[in-house]
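For reference, the chains in residue letters:
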Amino acid sequence: MACAVLKQVSLERHHQRLWQSLNLTVKRGELLLINGATGSGKSTLLQLLAGLIAPTEGHITRPQRCGLVLQDPCIQMLRDQVGAEVAVLLEHLQTPPAQMPDKINQALDLVGLPLPLTHATAALSQGQRYRLLIAAQLVACPSLLLLDEPWAQMDDSAFIELKRLLRQLTMQGITVVITEHHLTPWRDCVDRILTLSESGLIAAAAPTEPTTVFAAATPQPSHRGQLCYRCSATTLALAEDRQLQLPDLEVFAGQRVLLQGVNGSGKSTLLRAIIGFDGNAIGQLQQPGLMTICLQQPARQLFATTVLDELCFSLLRHGQSLAEAQQAAMTLLQRIQLDHLAQRSPYALSYGQQHLIGIASQLLRQPALLLLDDPFAGLDPRHCQQLWRLLDELPHHCSCVIASHRHLDGFNNHWRIHGQQLQVA
């Protein structure tokens, strides 16, 4: 029995057809994975299935109740407390208030997020927010659940639990459609894989990616130059009155450091403290230069009218002529194969493209210390390797700290968060 059907569906964006006509039938209880390149329209396809946007041509049949979790959970959250966020759809369904707490707690338990209902949503990590939004959809018992790149937002333990949950849901007859760049993590779970491209949807080949999806081209030595950044041992305040004990931290010029920890362990808070956000400044640069950061939510750092203006902004502020700034910006856009988007609004880009533009704008500044918070989220394997090459080609004086909730190859320098301790190796 079909759960959702697309017939001859096409969509125009920016006066261009996004793909050829799509035909798709998703069966009841099926777990379907749709992959495709960064910017191919996977997120848009999920929004079409959910009924948030209408196709230019064609017809879509969908169940009455569809649940959708977007790629960046921050733009979807509505309430400032965990319980209130999950209760949104219950309120819409006119669920009696006395029944709500049990339903909310059951949904939170399903996604492995047993938090007090008064817990602040602002205190959650990106991965925890994604799980919260899944709970907020499941509480309404959807027939069709649509998830936009959950693997990129979750640590390995949370992802394993998610796969178990999705299998339980499909056994109950709920249909699940997932978009994802990387197939390997899903190969033991999904029923069918399709690839989305300009020509439409086609059956995908079996996953051939290595187990480690992200790998640097060249491992970096432990020490490459003079001391770039230093922080004396201290205690960093986290959410819920938790603390993270920090040892002495040192980053040397040209060094690349992996900051690793599970969702909610404090990685983003530490990066923000290093650069001095939130009045939580720790440590300092030991040589002249800039510290720059690319946040986990790239849209929060984008503000210009066009992609080209976004990249030129800091160069113009530091005295380059418009011609020089535009030439440098276009050269970098060509390197990451996004020069065709130069006159597009950065807000109209995919999540992965926004990540690349945000990182590119910081790279143009040639900082002494570059902080990247989960920079590979939203990137397909080709763009991951492009980003690695850019990082490998950083000037010898530029250091980089990359936060990730899973292991990345190519690092000889590790900061690992275990419980309330940061360990340096």
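Above this note sits the structure.
Just so it is clear, the model here is predicted, and its values are computed rather than measured. Numbers given to residues run from 1 along each chain, matching the order in which its sequence is written. Per-residue local features are limited, in this predicted model, to residues with pLDDT of at least 70; the limit for side-chain atom pairs, both in listing and counting, is 80 or more; totals at the level of whole chains, interfaces and linings are taken over all residues. To get the side-chain values, take all heavy atoms of the structure and skip hydrogens and water.

Considerations on the nonpolar core
Within soluble globular proteins, side chains that are nonpolar tend to cluster in buried spots.
Then step 1. Side-chain atoms within 4.5 Å are what join buried Ala, Val, Leu, Ile, Met, Phe, Trp, Tyr and Cys residues into a set we call a nonpolar core. Relative accessibility thresholds used throughout: buried, under 20% of the residue-type maximum; exposed, over 50%; partly exposed, between the two (1.4 Å probe, protein chains only). Membership of the largest hydrophobic core comes to 41 residues, with the highest contact counts inside it found for Ile134, Leu166 and Trp186.
Then step 2. By definition in these notes, contact holds between two residues if any of their heavy atoms fall within 4.5 Å. Excluding residues within four positions of it along the chain, Leu166 makes contact with Leu31, Leu145, Leu147, Val176, Ile178 and Trp186.
Then step 3. Membership of the second largest hydrophobic core comes to 38 residues, among which are Val307, Leu338, Ala360 and Leu408.

Structural notes on the pairing of strand 9 (residues 175–179)
Side-chain direction in a regular strand flips from residue to residue, so the side chains alternate between the two faces of the sheet.
Then step 1. Burial within strand 9 is extensive, with five of its five residues counted as buried.
Then step 2. Each helix corresponds to a stretch of at least 4 residues labelled H or I by DSSP, and each strand to a stretch of at least 2 residues labelled E; elements are numbered beginning at the N terminus. Of the two faces of strand 9, both are covered, the one formed by Thr175, Val177 and Thr179 as well as the one formed by Val176 and Ile178.
Then step 3. Looking at chain direction, strand 8 (residues 144–148) and strand 9 are connected through five bridges and run parallel. Among the inter-strand pairings, Leu145 is bridged to a residue of strand 9, identified as Val176. Should DSSP find at least two bridges between two strands, the strands are regarded as paired.

Structural notes on the environment of Leu246
Then step 1. By secondary structure assignment, the location of Leu246 is in strand 14 (residues 243–246).
Then step 2. Note: C-alpha distance between Leu246 and Leu422 (176 residues apart in sequence) is 5.4 Å.
Then step 3. In this structure Leu246 touches Ala233, Thr234, Leu236, Leu270, Ile282 and Leu422, once residues within four positions along its chain are discounted.

Some points on the layout of surface pockets
Then step 1. The calculated volume of the largest pocket comes to roughly 1,200 Å³.
Then step 2. Points on a 1 Å grid over protein atoms alone make up a cavity when a 1.4 Å probe fits among them but cannot get out, and a pocket when they form an open set with protein on both sides within 12 Å along at least five of seven lines; lining residues each have an atom within 4 Å of a point. Lining the largest pocket are 43 residues, and of these Gly39, Ser40, Gly41, Ser350 and Gln353 sit closest to its centre.
Then step 3. Elements that contribute at least two residues to the lining of the largest pocket include exactly strand 3 (16–17), helix 1 (42–50), strand 10 (192–197), helix 10 (351–363) and helix 11 (381–392).
Then step 4. Of the residues belonging to the lining of the largest pocket, the class tally is 13 nonpolar, 21 polar and nine charged.
Then step 5. Grid points are joined across faces, edges and corners, and a volume is the space filled by probe spheres set on the points. Of the pockets and cavities examined, the second largest pocket occupies roughly 680 Å³.
Then step 6. Lining the second largest pocket are 33 residues; nearest its centre among them are Ala122, Leu124, Ser125, Ser268 and Thr269.
Then step 7. A total of five residues in the lining of the second largest pocket trace back to one element, the largest contributor, which is helix 7 (residues 267–275).
Then step 8. Three classes are used: nonpolar for Ala, Val, Leu, Ile, Met, Phe, Trp, Tyr, Cys and Pro, charged for Asp, Glu, Lys and Arg, and polar for all others, with Gly counted as polar. For the lining of the second largest pocket, a count of residues per class yields nine nonpolar, 15 polar and nine charged.

What to know about the packing of aromatic side chains
Any two aromatic rings considered together are summarised by their centre-to-centre distance and by the angle between their planes.
Then step 1. Working definition: rings of Phe, Tyr and Trp (its six-membered ring) pair if their centres are within 6.5 Å, and the pair is stacked with planes under 30 degrees apart, edge-to-face with planes over 60 apart, and tilted otherwise. One pass over the structure, following the stated rule, counts four aromatic pairs.
Then step 2. Ring centres of Phe303 and Phe313 lie 4.9 Å apart, and the angle between their planes is 85°; on these two criteria the pair is classed as edge-to-face. On the criterion of sequence distance, the pair formed by Phe303 in the loop between strand 18 (291–294) and helix 8 (307–317) and Phe313 in helix 8 is long-range, its members being ten residues apart.
Then step 3. Ring geometry for Trp388 and Phe411: centres 5.7 Å apart, planes at 65°, overall edge-to-face. Residue Trp388 is located in helix 11, and its partner Phe411 is located in the loop between strand 20 (399–404) and strand 21 (413–418); the two are separated by 23 residues in the primary sequence.
Then step 4. Using a relative accessible area of 6% as the deciding quantity, one classes Phe411 as buried.
Then step 5. Here a set of aromatic residues connected by ring pairs shows up, and it is made of Phe376, Trp388 and Phe411.
Then step 6. Think of it as a cone above the ring: NZ of Lys or CZ of Arg counts as a charge over the ring if it is within 6 Å of the ring centre and within 35 degrees of the ring normal. The residue whose ring lies beneath Arg256 is Phe411, and the NZ or CZ to ring-centre distance is 5.4 Å.

Points about the environment of Gly266
Then step 1. Relative to the assigned elements, Gly266 resides in the loop between strand 16 (256–260) and helix 7.
Then step 2. Separated by 154 residues in sequence, Gly266 and Gln420 place their C-alpha atoms 8.9 Å apart.

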